[in-house]
Amino acid sequence: MREFDEKEMMEKYERLKKEYVNPFVPDLNADAETRFIKDNEFLENSFSRAITPHICKGKLLFNKERMAVPKNADSRNYLKLIYDGEGKVLRSEYDMGGIGSTWSSSSDRKNITFCVSDNLWIDCMAEADSDGKYTYNWVMFEWSEYDDDGRLVSVERFKGDPAFLVDVVVNAEYYEYKDGVLSHITEYKDFHSDLPKMSRDLVMMNMPDRVFNPDVINYSFERSGSDIICTRVHYFRVSQSFTDKITIPDKELIKMKEHGIRLI
């Protein structure tokens with residue numbers, strides 16, 4: 001099990017932001033093909049490589065891409081997927097409009113996720129001025145790493161917390177393999193780089209041995225017939241953990257494998 005090192009994590013955050021996120025120049029002109037995909041509330045966005053959401057639901061959560069929004073469907077539930085001429089996805093766009101906006105009276109606002117590389121996607125809020133020129137504010141970015149065999153070994157998401165301007169929220173997952181298939185996941189959830197002292201004191205006062213900031217969750221896998229059983233252990237307190245079993249049926253294992261999640 002990989003340990004969570006706060007200092008190392010924040011140094012990595014600062015390095016990634018400096019080297020890749022801050023220099024990134026968004027381009028909304030690149031647009032060879034547009035497809036559509038239904039939004040999924042259980043995924044950060046349609047590009048996230050994090051594996052645990054699929055494991056926790058016991059099924060592949062990626063929705064099918066479509067050439068158009070289905071007839072009679074609510075278009076507000078769909079994202080645009082923008083591809084280049086070589087069939088590579090460049091970004092997703094969700095038009096937010098101006099209703100209920102706390103930004104401004106502009107009606108041209110978008111939530112955009114840019115696929116920068118196999119390692120990086122950047123989630124932005126974009127707003128156009130009266131001349132149609134966009135300004136961008138990144139909301140979150142996800143960094144993925146792979147081993148020499150091309151297997152995913154880590155996914156780390158960094159999100160700015162609007163409630164505390166200096167705070168960064170980190171969610172991270174680390175993957176281990178045995179005989180080429182996924183055997184163990186360590187998940188670190190909801191780490192706050194600047195957790196308010198009041199919040200920390202309140203937790204410690206009511207539950208002195210609470211494991212938090214981040215929460216620690218482990219996943220292990222074993223075969224049961226044609227299915228896979230995942231044992232999920234949430235280390236809630238030093239003296240208490242919560243364990244549950246998740247069955248992933250064979251038909252979902254096949255779908256996951258097609259998307260690079262190898263449990264069989």
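Residues numbered from 1 in each chain as written. Predicted model: local features only at pLDDT ≥ 70, side-chain atom pairs only at ≥ 80, totals over all residues. Heavy atoms only, no water.

**Focus on the packing of aromatic side chains**
Phase 1 of the analysis: Scanning the model with the defined rule gives 12 aromatic pairs in all.
Phase 2 of the analysis: Look at Y13 and F158: their rings are 5.6 Å apart centre to centre, the planes differ by 35 degrees, and that puts the pair in the tilted class. On the criterion of sequence distance, the pair formed by Y13 in helix α1 (residues 6–21) and F158 in strand β8 (residues 152–160) is long-range, its members being 145 residues apart. Like Y13, the residue F158 is buried in the burial classification.
Phase 3 of the analysis: Here the aromatic rings of W138 and F141 are separated by 5.3 Å at their centres, their planes lie at 65 degrees, and the arrangement is edge-to-face.
Phase 4 of the analysis: A relative accessible area of 27% means that W138 is categorised as partly exposed.
Phase 5 of the analysis: An aromatic cluster is present here, built from F4, Y174, Y188 and F191 joined pairwise through their rings.
Phase 6 of the analysis: Here the basic side chain of R35 rests over the ring of Y83, its NZ or CZ set 4.0 Å away from the ring centre.
Phase 7 of the analysis: We note R151 situated over the ring of Y177; from NZ or CZ to the ring centre the distance is 5.1 Å. (Phe/Tyr/Trp six-rings, centres within 6.5 Å; stacked < 30°, edge-to-face > 60°. Helix = DSSP H or I, 4+ residues; strand = E, 2+ residues; numbered from the N terminus. Buried < 20%, exposed > 50% of the residue type's maximum accessible area, 1.4 Å probe, protein only. Lys NZ or Arg CZ within 6 Å of the ring centre and 35° of its normal.)

**A look at the nonpolar core**
Phase 1 of the analysis: Counting 24 residues, the largest nonpolar core has M9, Y13, I122, F141, F158, V168 and V170 as its most contacted members.
Phase 2 of the analysis: Elements supplying a minimum of two residues to this core: α1, β5 (109–115), β6 (120–128), β7 (134–146), β9 (168–178) and β10 (181–192).
Phase 3 of the analysis: Setting aside chain neighbours within four positions, we find F141 in contact with Y13, L16, K17, V21, L120, W121, I122, E156, R157 and F158.
Phase 4 of the analysis: A50, I55, Y175 and I248 belong to the second largest nonpolar core, which has 20 residues in total. (Core = buried A, V, L, I, M, F, W, Y, C linked by side-chain atoms within 4.5 Å. Contact = heavy atoms within 4.5 Å.)

**Examining the side chain of N40**
Phase 1 of the analysis: With respect to the helices and strands, the residue N40 is situated in the loop between β1 (33–38) and α2 (52–57).
Phase 2 of the analysis: The exposure class of N40 is buried, given its relative accessible area of 14%.
Phase 3 of the analysis: A distance of 2.8 Å separates a polar atom in the side chain of N40 from the backbone oxygen of L61.
Phase 4 of the analysis: If we ignore the near neighbours within four places in the chain, the residues touching N40 are L61 and N63. (Polar contact = N/O pair within 3.5 Å; in protein donor to acceptor, adjacent residues only side chain to side chain.)

**Brief notes about the pairing of β6**
Phase 1 of the analysis: In terms of residue burial, β6 counts as a mostly covered element, since nine of its nine residues are buried.
Phase 2 of the analysis: The alternating pattern of β6 places L120, I122, C124, A126 and A128 and W121, D123, M125 and E127 on opposite faces, both of which are buried.
Phase 3 of the analysis: As paired strands, β5 and β6 are joined by seven bridges and run antiparallel to one another. Residue pairing for β6: T113 is matched across the bridge by D123.
Phase 4 of the analysis: From the end of β5 to the start of β6, which pair antiparallel, there are four residues.
Phase 5 of the analysis: Bridging between β6 and β7 involves nine bridges; their strand directions are antiparallel. Pairing of A128 across the sheet is with Y134, part of β7.
Phase 6 of the analysis: In sequence, β6 turns back onto β7 through a hairpin of five residues, with G132 there showing a positive phi of about 85 degrees. (Pairing = 2+ DSSP bridges.)

**Description of the environment of A30**
Phase 1 of the analysis: The residue A30 is located in the loop between α1 and β1 in this model.
Phase 2 of the analysis: Classification of A30 as partly exposed rests on a relative accessible area of 27%.
Phase 3 of the analysis: Expressed as a C-alpha distance, the spacing of A30 and D84, which sit 54 residues apart in the sequence, is 6.7 Å.
Phase 4 of the analysis: Aside from chain neighbours lying at most four places away, what touches A30 is I82, L90 and R91.

**Observations regarding the pattern of salt bridges**
Phase 1 of the analysis: For the coordinates displayed, the defined rule picks out 20 salt bridges.
Phase 2 of the analysis: The partner of E33 in a salt bridge is R35, and the shortest N-O contact between them spans 3.0 Å.
Phase 3 of the analysis: Here E33 falls in the partly exposed class, since its relative accessible area comes to 26%.
Phase 4 of the analysis: Two residues, E44 and R157, come together in a salt bridge whose shortest N-O distance is 3.7 Å. Residue E44 is found in the loop between β1 and α2, and its partner R157 is found in strand β8; the two are separated by 113 residues along the sequence.
Phase 5 of the analysis: When its relative accessible area of 42% is taken as the criterion, E44 is described as partly exposed. (Salt bridge = Lys/Arg side-chain N within 4 Å of Asp/Glu carboxyl O.)

**Side note on the state of the cysteines**
Phase 1 of the analysis: Applying the stated criterion across every chain, the model contains zero disulfides.
Phase 2 of the analysis: C230 supplies the cysteine sulfur nearest to C56, a cysteine that is in no disulfide, at a spacing of 7.1 Å. (Disulfide = S-S within 2.5 Å.)

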